Amino acid sequence: MQLIQTPLHIAASHNRVDMMKYLVDWAGPGKVELEAKNVYGESPLHEAAKNGCNDAVLLLLQYGADVEARTNNSMTPLHLAVGYALRSGDNSVVKTLSEYNADFSAEDDEGMIPFNYLPAGVENDELQQLCQQLAQHINNVTQQINIFTEQMNTTTTYSWSGYQNVEEQRDYDSGIKGKMEEFDYELSKIVGLHDLKLQLQKWAKGMLLDEKRRSMGIDLGPRKPPHMAFLGNPGTGKTTVARILGKLLCSVGVLSSDNVVEVQRTDLVGEYLGQTGPKTRKKIEEAMGGILFVDEAYRLVPAESAGNCIEYGVEALEEIMSVLEDGDLLVIFAGYTDPMKRVFSSNEGFCRRVTHFFQFDDFSCKDLAEMLLIKMSRQDEKSRLFGFKLHTSCTFEAVLSVIERNSNEKMRNRMNGGLVDHMLSNARENLDSRLNFDSNGDELLMITLGDLEAGLQVLARRLNLDEEGKKSVDEGGIGEKIKFDSGRRKGVLSGFQQALVN
(Lines give C-alpha, C1' and ligand atoms only; values in the text may rest on other atoms or scores of the structure.)
Protein backbone atom coordinates (compact mmCIF):
# COMPACT_ATOMS: atom_id res chain seq x y z
CA MET A 1 0.00 0.00 0.00
CA GLN A 2 1.38 3.43 -0.95
CA LEU A 3 1.73 5.97 1.83
CA ILE A 4 0.48 9.56 1.66
CA GLN A 5 3.88 10.85 2.82
CA THR A 6 6.79 9.45 4.81
CA PRO A 7 8.85 11.56 7.23
CA LEU A 8 11.63 11.53 4.62
CA HIS A 9 9.25 12.95 1.99
CA ILE A 10 8.33 15.79 4.32
CA ALA A 11 11.91 16.56 5.35
CA ALA A 12 13.04 16.50 1.70
CA SER A 13 10.27 18.87 0.59
CA HIS A 14 11.42 21.40 3.23
CA ASN A 15 15.18 20.97 2.55
CA ARG A 16 15.73 19.77 6.14
CA VAL A 17 18.99 17.94 5.48
CA ASP A 18 19.72 17.59 9.22
CA MET A 19 16.48 15.68 9.73
CA MET A 20 17.00 13.70 6.52
CA LYS A 21 20.49 12.60 7.56
CA TYR A 22 19.13 11.44 10.91
CA LEU A 23 16.40 9.45 9.15
CA VAL A 24 18.57 7.75 6.52
CA ASP A 25 21.26 6.89 9.09
CA TRP A 26 18.70 5.43 11.48
CA ALA A 27 19.64 1.80 12.15
CA GLY A 28 16.76 0.89 14.45
CA PRO A 29 13.42 -0.76 13.64
CA GLY A 30 11.37 0.72 10.84
CA LYS A 31 14.35 1.71 8.69
CA VAL A 32 13.56 4.55 6.30
CA GLU A 33 13.31 3.58 2.61
CA LEU A 34 14.94 5.95 0.12
CA GLU A 35 12.55 4.87 -2.64
CA ALA A 36 9.27 4.96 -0.67
CA LYS A 37 6.41 6.24 -2.87
CA ASN A 38 3.49 8.49 -1.98
CA VAL A 39 0.05 8.21 -3.62
CA TYR A 40 1.41 9.98 -6.70
CA GLY A 41 4.28 7.54 -7.00
CA GLU A 42 6.75 10.24 -5.95
CA SER A 43 9.90 9.32 -4.06
CA PRO A 44 11.60 11.71 -1.58
CA LEU A 45 13.90 12.71 -4.46
CA HIS A 46 10.86 13.76 -6.51
CA GLU A 47 9.62 15.84 -3.55
CA ALA A 48 12.96 17.59 -3.18
CA ALA A 49 13.27 18.21 -6.94
CA LYS A 50 9.81 19.71 -7.45
CA ASN A 51 10.33 22.06 -4.49
CA GLY A 52 13.80 23.22 -5.54
CA CYS A 53 15.49 21.76 -2.44
CA ASN A 54 18.97 21.33 -3.90
CA ASP A 55 20.71 20.40 -0.63
CA ALA A 56 18.13 17.66 -0.07
CA VAL A 57 18.54 16.42 -3.67
CA LEU A 58 22.31 16.24 -3.25
CA LEU A 59 22.05 14.34 0.05
CA LEU A 60 19.63 11.78 -1.36
CA LEU A 61 21.81 11.19 -4.43
CA GLN A 62 24.90 10.77 -2.25
CA TYR A 63 23.02 8.08 -0.30
CA GLY A 64 22.17 6.25 -3.52
CA ALA A 65 18.65 7.46 -4.35
CA ASP A 66 17.47 6.44 -7.84
CA VAL A 67 17.97 9.47 -10.12
CA GLU A 68 15.62 7.82 -12.66
CA ALA A 69 12.76 7.00 -10.23
CA ARG A 70 9.33 7.29 -11.92
CA THR A 71 6.05 8.73 -10.67
CA ASN A 72 2.65 7.22 -11.55
CA ASN A 73 2.76 9.15 -14.82
CA SER A 74 6.42 8.18 -15.45
CA MET A 75 7.94 11.56 -14.60
CA THR A 76 11.54 11.54 -13.36
CA PRO A 77 12.97 13.99 -10.80
CA LEU A 78 14.44 15.91 -13.77
CA HIS A 79 10.95 16.48 -15.21
CA LEU A 80 9.85 18.04 -11.91
CA ALA A 81 13.10 19.99 -11.48
CA VAL A 82 12.60 21.68 -14.87
CA GLY A 83 9.10 22.65 -13.79
CA TYR A 84 10.42 24.26 -10.61
CA ALA A 85 13.15 26.07 -12.57
CA LEU A 86 10.52 27.56 -14.89
CA ARG A 87 8.46 28.82 -11.95
CA SER A 88 11.30 30.20 -9.86
CA GLY A 89 14.24 30.87 -12.17
CA ASP A 90 16.44 28.67 -9.90
CA ASN A 91 18.23 26.04 -11.98
CA SER A 92 20.40 24.53 -9.23
CA VAL A 93 18.46 21.24 -8.96
CA VAL A 94 18.57 20.74 -12.74
CA LYS A 95 22.35 21.18 -12.66
CA THR A 96 22.75 18.76 -9.75
CA LEU A 97 20.67 16.06 -11.44
CA SER A 98 22.61 16.50 -14.69
CA GLU A 99 25.89 16.09 -12.75
CA TYR A 100 24.53 12.75 -11.50
CA ASN A 101 23.86 11.67 -15.11
CA ALA A 102 20.09 12.05 -15.12
CA ASP A 103 18.61 10.78 -18.37
CA PHE A 104 17.81 13.86 -20.49
CA SER A 105 15.85 11.71 -22.95
CA ALA A 106 13.54 10.01 -20.41
CA GLU A 107 9.92 10.15 -21.58
CA ASP A 108 6.83 10.40 -19.40
CA ASP A 109 3.42 8.92 -20.23
CA GLU A 110 2.82 11.81 -22.63
CA GLY A 111 6.01 11.05 -24.53
CA MET A 112 7.58 14.25 -23.23
CA ILE A 113 11.23 14.51 -22.20
CA PRO A 114 12.04 16.99 -19.38
CA PHE A 115 12.95 19.89 -21.67
CA ASN A 116 9.86 19.48 -23.88
CA TYR A 117 8.10 21.35 -21.09
CA LEU A 118 10.02 24.55 -21.84
CA PRO A 119 7.51 26.94 -23.48
CA ALA A 120 8.48 28.99 -26.51
CA GLY A 121 10.00 32.35 -25.63
CA VAL A 122 10.91 31.33 -22.08
CA GLU A 123 12.91 34.08 -20.35
CA ASN A 124 15.11 31.74 -18.31
CA ASP A 125 18.18 32.09 -20.55
CA GLU A 126 20.39 29.86 -18.41
CA LEU A 127 17.88 27.01 -18.47
CA GLN A 128 17.34 27.50 -22.20
CA GLN A 129 21.09 27.31 -22.78
CA LEU A 130 21.34 24.17 -20.64
CA CYS A 131 18.48 22.67 -22.63
CA GLN A 132 20.28 23.36 -25.90
CA GLN A 133 23.52 21.85 -24.61
CA LEU A 134 21.78 18.70 -23.46
CA ALA A 135 19.84 18.40 -26.70
CA GLN A 136 23.10 18.68 -28.65
CA HIS A 137 24.62 16.04 -26.37
CA ILE A 138 21.74 13.67 -27.13
CA ASN A 139 22.12 14.28 -30.87
CA ASN A 140 25.87 13.60 -30.70
CA VAL A 141 25.35 10.35 -28.81
CA THR A 142 22.66 9.28 -31.29
CA GLN A 143 24.97 9.96 -34.24
CA GLN A 144 27.78 7.99 -32.61
CA ILE A 145 25.46 5.04 -32.03
CA ASN A 146 24.32 5.12 -35.66
CA ILE A 147 27.92 5.21 -36.93
CA PHE A 148 28.92 2.38 -34.58
CA THR A 149 25.94 0.29 -35.71
CA GLU A 150 26.87 0.75 -39.38
CA GLN A 151 30.47 -0.24 -38.66
CA MET A 152 29.46 -3.34 -36.73
CA ASN A 153 27.01 -4.39 -39.45
CA THR A 154 29.99 -4.30 -41.81
CA THR A 155 32.46 -6.10 -39.56
CA THR A 156 30.13 -9.04 -38.97
CA THR A 157 30.89 -10.18 -42.55
CA TYR A 158 34.63 -10.47 -41.80
CA SER A 159 35.96 -13.98 -41.36
CA TRP A 160 37.81 -13.18 -38.10
CA SER A 161 34.68 -12.16 -36.22
CA GLY A 162 33.45 -14.73 -33.74
CA TYR A 163 29.95 -13.14 -33.62
CA GLN A 164 26.99 -14.23 -35.69
CA ASN A 165 25.34 -10.76 -35.64
CA VAL A 166 25.44 -7.29 -34.08
CA GLU A 167 22.98 -8.19 -31.34
CA GLU A 168 25.16 -11.07 -30.20
CA GLN A 169 28.17 -8.76 -29.98
CA ARG A 170 26.20 -6.14 -28.07
CA ASP A 171 25.06 -8.76 -25.58
CA TYR A 172 28.64 -9.89 -25.09
CA ASP A 173 29.92 -6.32 -24.70
CA SER A 174 27.19 -5.62 -22.16
CA GLY A 175 28.25 -8.70 -20.20
CA ILE A 176 31.91 -7.60 -20.21
CA LYS A 177 30.95 -4.14 -18.97
CA GLY A 178 28.76 -5.68 -16.30
CA LYS A 179 31.66 -7.79 -15.03
CA MET A 180 33.87 -4.70 -14.82
CA GLU A 181 31.17 -2.77 -13.00
CA GLU A 182 30.68 -5.61 -10.54
CA PHE A 183 34.46 -5.77 -9.95
CA ASP A 184 34.57 -2.00 -9.36
CA TYR A 185 31.64 -2.25 -6.96
CA GLU A 186 33.31 -5.00 -4.91
CA LEU A 187 36.50 -2.93 -4.69
CA SER A 188 34.52 0.15 -3.66
CA LYS A 189 33.34 -1.68 -0.53
CA ILE A 190 36.96 -1.89 0.68
CA VAL A 191 38.08 1.10 2.75
CA GLY A 192 41.17 3.02 1.58
CA LEU A 193 43.78 1.45 -0.74
CA HIS A 194 43.16 4.06 -3.46
CA ASP A 195 46.37 3.43 -5.45
CA LEU A 196 45.94 -0.34 -5.25
CA LYS A 197 42.37 -0.11 -6.52
CA LEU A 198 43.50 1.91 -9.55
CA GLN A 199 46.19 -0.69 -10.27
CA LEU A 200 43.72 -3.56 -9.94
CA GLN A 201 41.14 -1.81 -12.13
CA LYS A 202 43.74 -1.23 -14.83
CA TRP A 203 44.77 -4.89 -14.73
CA ALA A 204 41.15 -6.13 -14.75
CA LYS A 205 40.23 -3.91 -17.68
CA GLY A 206 43.13 -5.27 -19.74
CA MET A 207 42.22 -8.84 -18.85
CA LEU A 208 38.57 -8.30 -19.83
CA LEU A 209 39.58 -6.66 -23.11
CA ASP A 210 41.70 -9.72 -23.88
CA GLU A 211 38.63 -11.87 -23.31
CA LYS A 212 36.72 -9.70 -25.77
CA ARG A 213 39.52 -10.08 -28.32
CA ARG A 214 39.38 -13.85 -27.94
CA SER A 215 35.59 -13.81 -28.38
CA MET A 216 36.11 -12.05 -31.72
CA GLY A 217 38.30 -14.92 -32.92
CA ILE A 218 41.69 -13.24 -32.35
CA ASP A 219 44.34 -15.75 -31.30
CA LEU A 220 46.15 -14.49 -28.18
CA GLY A 221 47.59 -17.86 -27.28
CA PRO A 222 46.48 -20.01 -24.35
CA ARG A 223 45.06 -18.42 -21.23
CA LYS A 224 47.55 -18.37 -18.37
CA PRO A 225 46.43 -17.64 -14.81
CA PRO A 226 48.06 -14.35 -13.73
CA HIS A 227 50.06 -15.55 -10.71
CA MET A 228 50.54 -12.71 -8.24
CA ALA A 229 52.42 -11.40 -5.22
CA PHE A 230 50.54 -9.33 -2.64
CA LEU A 231 52.99 -7.20 -0.66
CA GLY A 232 52.24 -5.35 2.56
CA ASN A 233 51.58 -5.56 6.26
CA PRO A 234 48.88 -7.79 7.83
CA GLY A 235 45.31 -6.55 8.00
CA THR A 236 45.39 -4.61 4.72
CA GLY A 237 42.75 -6.66 2.89
CA LYS A 238 44.91 -9.08 0.90
CA THR A 239 42.62 -12.07 1.45
CA THR A 240 39.53 -10.01 0.66
CA VAL A 241 41.01 -8.86 -2.66
CA ALA A 242 41.97 -12.45 -3.49
CA ARG A 243 38.33 -13.51 -3.13
CA ILE A 244 37.18 -10.65 -5.39
CA LEU A 245 39.73 -11.65 -8.03
CA GLY A 246 38.59 -15.27 -7.80
CA LYS A 247 35.01 -14.29 -8.66
CA LEU A 248 36.10 -12.17 -11.62
CA LEU A 249 38.47 -14.78 -13.10
CA CYS A 250 35.87 -17.50 -12.69
CA SER A 251 33.20 -15.37 -14.39
CA VAL A 252 35.30 -15.04 -17.57
CA GLY A 253 36.50 -18.64 -17.60
CA VAL A 254 40.15 -18.10 -16.67
CA LEU A 255 39.48 -20.26 -13.60
CA SER A 256 36.85 -22.97 -13.25
CA SER A 257 36.09 -22.08 -9.63
CA ASP A 258 36.12 -19.00 -7.39
CA ASN A 259 37.33 -21.11 -4.46
CA VAL A 260 40.20 -19.61 -2.42
CA VAL A 261 42.31 -21.98 -0.30
CA GLU A 262 44.42 -20.12 2.30
CA VAL A 263 47.60 -21.80 3.50
CA GLN A 264 50.60 -20.96 5.65
CA ARG A 265 53.89 -22.72 6.27
CA THR A 266 52.40 -25.14 8.81
CA ASP A 267 49.81 -26.27 6.23
CA LEU A 268 52.53 -27.17 3.72
CA VAL A 269 55.60 -28.28 5.64
CA GLY A 270 55.92 -31.71 7.24
CA GLU A 271 57.74 -32.58 10.44
CA TYR A 272 60.00 -35.21 8.91
CA LEU A 273 61.77 -36.01 5.68
CA GLY A 274 59.36 -37.10 2.95
CA GLN A 275 56.25 -35.50 4.46
CA THR A 276 56.40 -32.01 2.92
CA GLY A 277 55.90 -33.00 -0.73
CA PRO A 278 52.68 -34.99 -0.20
CA LYS A 279 51.36 -32.43 2.29
CA THR A 280 51.91 -29.56 -0.16
CA ARG A 281 50.48 -31.49 -3.12
CA LYS A 282 47.32 -32.19 -1.11
CA LYS A 283 46.74 -28.45 -0.63
CA ILE A 284 47.46 -27.79 -4.30
CA GLU A 285 44.86 -30.41 -5.31
CA GLU A 286 42.38 -28.84 -2.88
CA ALA A 287 42.84 -25.43 -4.54
CA MET A 288 42.94 -26.74 -8.13
CA GLY A 289 40.53 -24.80 -10.34
CA GLY A 290 40.65 -21.77 -8.04
CA ILE A 291 43.20 -19.82 -6.02
CA LEU A 292 45.95 -21.03 -3.69
CA PHE A 293 46.65 -18.13 -1.32
CA VAL A 294 50.04 -18.61 0.37
CA ASP A 295 50.10 -16.25 3.35
CA GLU A 296 53.42 -15.25 4.93
CA ALA A 297 55.15 -16.92 1.99
CA TYR A 298 58.55 -15.60 3.13
CA ARG A 299 58.46 -18.14 5.98
CA LEU A 300 59.08 -20.86 3.39
CA VAL A 301 62.55 -19.41 2.74
CA PRO A 302 64.96 -19.05 5.71
CA ALA A 303 66.61 -15.70 6.32
CA GLU A 304 69.99 -17.43 6.57
CA SER A 305 71.37 -20.69 5.25
CA ALA A 306 70.81 -23.62 7.60
CA GLY A 307 74.06 -25.30 6.54
CA ASN A 308 73.60 -29.02 6.00
CA CYS A 309 70.09 -28.98 7.51
CA ILE A 310 67.22 -29.77 5.16
CA GLU A 311 64.89 -26.77 4.82
CA TYR A 312 61.46 -28.22 4.22
CA GLY A 313 59.94 -24.80 3.45
CA VAL A 314 62.02 -24.47 0.29
CA GLU A 315 60.84 -27.93 -0.74
CA ALA A 316 57.22 -26.79 -0.36
CA LEU A 317 57.90 -23.65 -2.41
CA GLU A 318 59.51 -25.66 -5.22
CA GLU A 319 56.51 -28.00 -5.22
CA ILE A 320 54.20 -25.03 -5.73
CA MET A 321 56.42 -23.50 -8.43
CA SER A 322 56.30 -26.77 -10.37
CA VAL A 323 52.55 -26.46 -11.01
CA LEU A 324 52.39 -22.77 -12.00
CA GLU A 325 52.33 -23.70 -15.69
CA ASP A 326 49.54 -26.26 -15.31
CA GLY A 327 46.75 -23.81 -16.16
CA ASP A 328 43.75 -24.21 -13.90
CA LEU A 329 45.29 -22.76 -10.75
CA LEU A 330 46.17 -19.24 -9.67
CA VAL A 331 48.75 -18.85 -6.90
CA ILE A 332 49.00 -15.67 -4.82
CA PHE A 333 52.08 -15.28 -2.62
CA ALA A 334 51.46 -12.80 0.22
CA GLY A 335 53.61 -11.27 2.92
CA TYR A 336 55.64 -8.33 4.24
CA THR A 337 57.35 -6.44 1.43
CA ASP A 338 61.02 -6.76 2.49
CA PRO A 339 61.02 -10.44 3.62
CA MET A 340 59.22 -11.38 0.38
CA LYS A 341 62.38 -10.42 -1.52
CA ARG A 342 63.87 -13.67 -0.23
CA VAL A 343 61.12 -15.57 -2.03
CA PHE A 344 61.71 -13.65 -5.28
CA SER A 345 65.41 -14.57 -5.30
CA SER A 346 65.05 -18.13 -4.00
CA ASN A 347 63.79 -19.55 -7.30
CA GLU A 348 65.14 -18.43 -10.65
CA GLY A 349 61.78 -18.90 -12.31
CA PHE A 350 59.76 -16.94 -9.75
CA CYS A 351 59.64 -13.52 -11.45
CA ARG A 352 59.09 -15.16 -14.83
CA ARG A 353 56.03 -17.06 -13.63
CA VAL A 354 54.70 -14.58 -11.07
CA THR A 355 54.07 -11.55 -13.23
CA HIS A 356 51.81 -9.27 -11.18
CA PHE A 357 52.92 -7.51 -8.01
CA PHE A 358 50.46 -5.48 -5.94
CA GLN A 359 51.41 -3.27 -3.01
CA PHE A 360 48.92 -3.01 -0.11
CA ASP A 361 49.51 0.24 1.76
CA ASP A 362 48.82 0.70 5.46
CA PHE A 363 45.53 2.26 6.55
CA SER A 364 45.40 5.84 7.80
CA CYS A 365 43.58 6.91 10.96
CA LYS A 366 40.70 8.11 8.75
CA ASP A 367 40.54 4.73 7.01
CA LEU A 368 40.41 2.92 10.37
CA ALA A 369 37.67 5.23 11.71
CA GLU A 370 35.59 4.67 8.56
CA MET A 371 36.19 0.92 8.79
CA LEU A 372 34.97 0.84 12.40
CA LEU A 373 31.73 2.66 11.58
CA ILE A 374 31.09 0.40 8.58
CA LYS A 375 31.70 -2.75 10.63
CA MET A 376 29.16 -1.61 13.22
CA SER A 377 26.56 -0.71 10.60
CA ARG A 378 26.93 -3.94 8.55
CA GLN A 379 27.33 -6.63 11.17
CA ASP A 380 27.31 -10.26 10.20
CA GLU A 381 25.09 -12.59 12.23
CA LYS A 382 28.16 -14.60 13.17
CA SER A 383 29.89 -11.53 14.57
CA ARG A 384 30.48 -11.30 18.31
CA LEU A 385 29.10 -7.75 18.07
CA PHE A 386 25.89 -8.67 16.24
CA GLY A 387 23.02 -6.64 17.71
CA PHE A 388 25.28 -4.09 19.40
CA LYS A 389 25.29 -0.48 18.25
CA LEU A 390 27.27 2.69 18.72
CA HIS A 391 26.12 5.62 20.83
CA THR A 392 25.24 8.77 18.89
CA SER A 393 28.38 10.39 20.29
CA CYS A 394 30.45 8.00 18.16
CA THR A 395 30.59 10.24 15.11
CA PHE A 396 33.30 9.86 12.49
CA GLU A 397 35.22 12.82 13.89
CA ALA A 398 34.98 11.51 17.47
CA VAL A 399 36.13 7.99 16.55
CA LEU A 400 38.96 9.45 14.45
CA SER A 401 40.11 11.52 17.44
CA VAL A 402 40.11 8.43 19.70
CA ILE A 403 42.29 6.50 17.24
CA GLU A 404 44.70 9.42 16.75
CA ARG A 405 45.12 9.96 20.51
CA ASN A 406 45.51 6.33 21.55
CA SER A 407 47.63 4.76 18.81
CA ASN A 408 50.88 5.51 17.05
CA GLU A 409 51.96 4.85 13.47
CA LYS A 410 53.98 1.76 14.37
CA MET A 411 51.00 0.23 16.16
CA ARG A 412 48.59 1.02 13.31
CA ASN A 413 50.94 -0.31 10.62
CA ARG A 414 51.50 -3.50 12.59
CA MET A 415 47.77 -4.29 12.81
CA ASN A 416 45.87 -2.19 10.24
CA GLY A 417 42.34 -3.62 10.01
CA GLY A 418 43.07 -5.95 12.92
CA LEU A 419 43.30 -2.88 15.15
CA VAL A 420 39.60 -2.19 14.55
CA ASP A 421 38.59 -5.78 15.32
CA HIS A 422 40.53 -5.87 18.60
CA MET A 423 39.37 -2.38 19.52
CA LEU A 424 35.70 -3.32 19.12
CA SER A 425 36.10 -6.64 20.95
CA ASN A 426 37.80 -4.88 23.86
CA ALA A 427 35.14 -2.15 23.80
CA ARG A 428 32.42 -4.76 24.28
CA GLU A 429 34.33 -6.21 27.23
CA ASN A 430 34.59 -2.72 28.71
CA LEU A 431 30.83 -2.31 28.28
CA ASP A 432 30.25 -5.56 30.17
CA SER A 433 32.57 -4.49 32.97
CA ARG A 434 30.72 -1.22 33.64
CA LEU A 435 27.21 -2.69 33.50
CA ASN A 436 25.44 -4.52 36.32
CA PHE A 437 22.62 -7.05 36.35
CA ASP A 438 20.05 -4.29 36.89
CA SER A 439 20.93 -2.79 33.50
CA ASN A 440 18.30 -3.13 30.79
CA GLY A 441 17.12 -1.79 27.46
CA ASP A 442 19.49 -0.09 25.06
CA GLU A 443 22.24 0.30 27.64
CA LEU A 444 22.90 -3.45 27.38
CA LEU A 445 23.80 -3.05 23.70
CA MET A 446 25.08 0.53 23.47
CA ILE A 447 28.85 0.90 22.99
CA THR A 448 29.96 4.41 23.92
CA LEU A 449 32.90 6.51 22.86
CA GLY A 450 34.44 5.80 26.26
CA ASP A 451 34.17 2.05 25.60
CA LEU A 452 35.98 2.47 22.28
CA GLU A 453 38.76 4.51 23.86
CA ALA A 454 39.18 2.01 26.70
CA GLY A 455 39.25 -0.83 24.18
CA LEU A 456 42.04 0.78 22.17
CA GLN A 457 44.03 1.60 25.31
CA VAL A 458 43.89 -2.05 26.40
CA LEU A 459 45.19 -3.09 22.97
CA ALA A 460 48.01 -0.53 23.14
CA ARG A 461 49.13 -1.84 26.54
CA ARG A 462 49.16 -5.42 25.27
CA LEU A 463 51.26 -4.51 22.27
CA ASN A 464 53.69 -2.54 24.44
CA LEU A 465 54.12 -5.58 26.68
CA ASP A 466 54.87 -7.71 23.62
CA GLU A 467 57.48 -5.19 22.48
CA GLU A 468 59.12 -5.10 25.91
CA GLY A 469 59.21 -8.90 26.06
CA LYS A 470 60.75 -9.12 22.61
CA LYS A 471 63.38 -6.53 23.55
CA SER A 472 64.38 -8.44 26.68
CA VAL A 473 64.75 -11.69 24.73
CA ASP A 474 66.87 -10.01 22.06
CA GLU A 475 69.11 -8.38 24.68
CA GLY A 476 69.70 -11.83 26.15
CA GLY A 477 71.11 -12.99 22.81
CA ILE A 478 68.27 -15.43 22.16
CA GLY A 479 66.40 -13.64 19.39
CA GLU A 480 68.92 -14.32 16.64
CA LYS A 481 69.83 -17.81 17.82
CA ILE A 482 66.39 -19.40 17.67
CA LYS A 483 66.33 -20.80 14.12
CA PHE A 484 64.06 -23.77 13.90
CA ASP A 485 60.85 -24.98 12.36
CA SER A 486 58.17 -24.15 14.91
CA GLY A 487 55.94 -26.90 13.51
CA ARG A 488 58.57 -29.49 14.61
CA ARG A 489 59.28 -28.01 18.04
CA LYS A 490 55.83 -27.40 19.52
CA GLY A 491 55.82 -27.18 23.27
CA VAL A 492 59.57 -26.53 23.60
CA LEU A 493 59.21 -22.77 24.11
CA SER A 494 56.66 -20.78 26.04
CA GLY A 495 53.67 -19.40 24.19
CA PHE A 496 55.24 -15.97 24.06
CA GLN A 497 58.51 -17.19 22.55
CA GLN A 498 56.60 -19.32 20.03
CA ALA A 499 54.68 -16.22 18.88
CA LEU A 500 57.96 -14.34 18.60
CA VAL A 501 59.46 -16.94 16.28
CA ASN A 502 56.30 -16.91 14.11
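As shown above, the structure is provided for reference.
Given the structure is predicted, the values throughout are model-derived calculations rather than measurements.

Attention now moves to the nonpolar core. Core analysis: the biggest nonpolar cluster contains 62 residues, and Phe183, Trp203, Phe230, Ile447 and Leu452 have the highest contact counts within it. For Trp203, the contacting residues outside a window of four places in its chain are Pro226, Met228, Leu245, Leu248, Leu249, His356 and Phe358. Core analysis: the next-biggest nonpolar cluster, separate from the first, contains 29 residues, Val269, Leu300, Leu317 and Val343 among them.

A few words on the layout of surface pockets. Unoccupied space between atoms shows up once a probe the size of one water molecule is rolled over them. The space that makes up the second largest pocket amounts to roughly 1,400 Å³. For the second largest pocket, the lining is made up of 30 residues, of which Val24, Asp25, Trp26, Ala27 and Ser377 are closest to its centre. Residue contributions to the lining of the second largest pocket peak at four residues, all from helix 2 (residues 17–25). In terms of residue class, the lining of the second largest pocket is built from 15 nonpolar, eight polar and seven charged.

For the rest of this paragraph, the subject is helix 16 (residues 365–377). Spacing of three or four residues puts side chains on the same side of an α-helix, whose turn is 3.6 residues. Look at helix 16: 19 Å from first C-alpha to last across 13 residues, which is about the 18 Å you get at 1.5 Å a residue. Those residues of helix 16 that sit buried are Cys365, Asp367, Leu368, Ala369, Met371, Leu372 and Met376.

If you walk across this open sheet you meet the five strands as 2-3-4-1-5, and the pairing is parallel. Lying at the two open borders of the sheet, with one neighbouring strand each, are strand 2 (260–263) and strand 5 (356–360). The mean inter-strand angle of the sheet, taken between neighbouring strand axes irrespective of direction, is 20 degrees. Relative to strand 5, strand 1 (residues 228–232) is paired through five bridges, and the arrangement is parallel. Bridged to Met228 within strand 5 is His356.

About the thresholds
Along every chain, residues carry numbers that run from 1 in the direction the sequence is written. Totals for whole chains, interfaces and linings use all residues, but because this is a predicted model, local features are given only for residues with pLDDT of at least 70 and pairs of side-chain atoms are given and counted only at 80 or more. Water and hydrogen atoms were dropped before computing side-chain values, which therefore reflect all heavy atoms in the structure. Among buried residues, the Ala, Val, Leu, Ile, Met, Phe, Trp, Tyr and Cys ones that are joined through side-chain atoms within 4.5 Å form a nonpolar core. Throughout this description, buried means an accessible area under 20% of the type-specific maximum (1.4 Å probe, protein chains only), exposed means over 50%, and partly exposed covers the range between. Any two residues whose heavy atoms approach within 4.5 Å at even a single point are treated as in contact. In this analysis the probe radius is 1.4 Å and the grid spacing 1 Å, with only protein atoms considered; a cavity is a set of points the probe fits into but cannot get out of, a pocket is an open set with protein on both sides within 12 Å along at least five of seven lines, and lining residues have an atom within 4 Å of a point. Grid points are joined across faces, edges and corners, and a volume is the space filled by probe spheres set on the points. The helix and strand labels rest on DSSP assignments: H or I over at least four residues marks a helix, E over at least two residues marks a strand, and numbering proceeds from the N terminus. Just so you know the grouping, Ala, Val, Leu, Ile, Met, Phe, Trp, Tyr, Cys and Pro go in nonpolar, Asp, Glu, Lys and Arg go in charged, and all remaining residues, Gly too, go in polar. The span one expects for a helix is its residue count, reduced by one, times 1.5 Å. For two strands to count as paired, DSSP must find a minimum of two bridges between them. In this description, a line fitted to the C-alpha atoms serves as the axis of each element, helices being fitted only across the stretch in contact, and the angle between N-to-C directions of two axes falls anywhere from 0 to 180 degrees.

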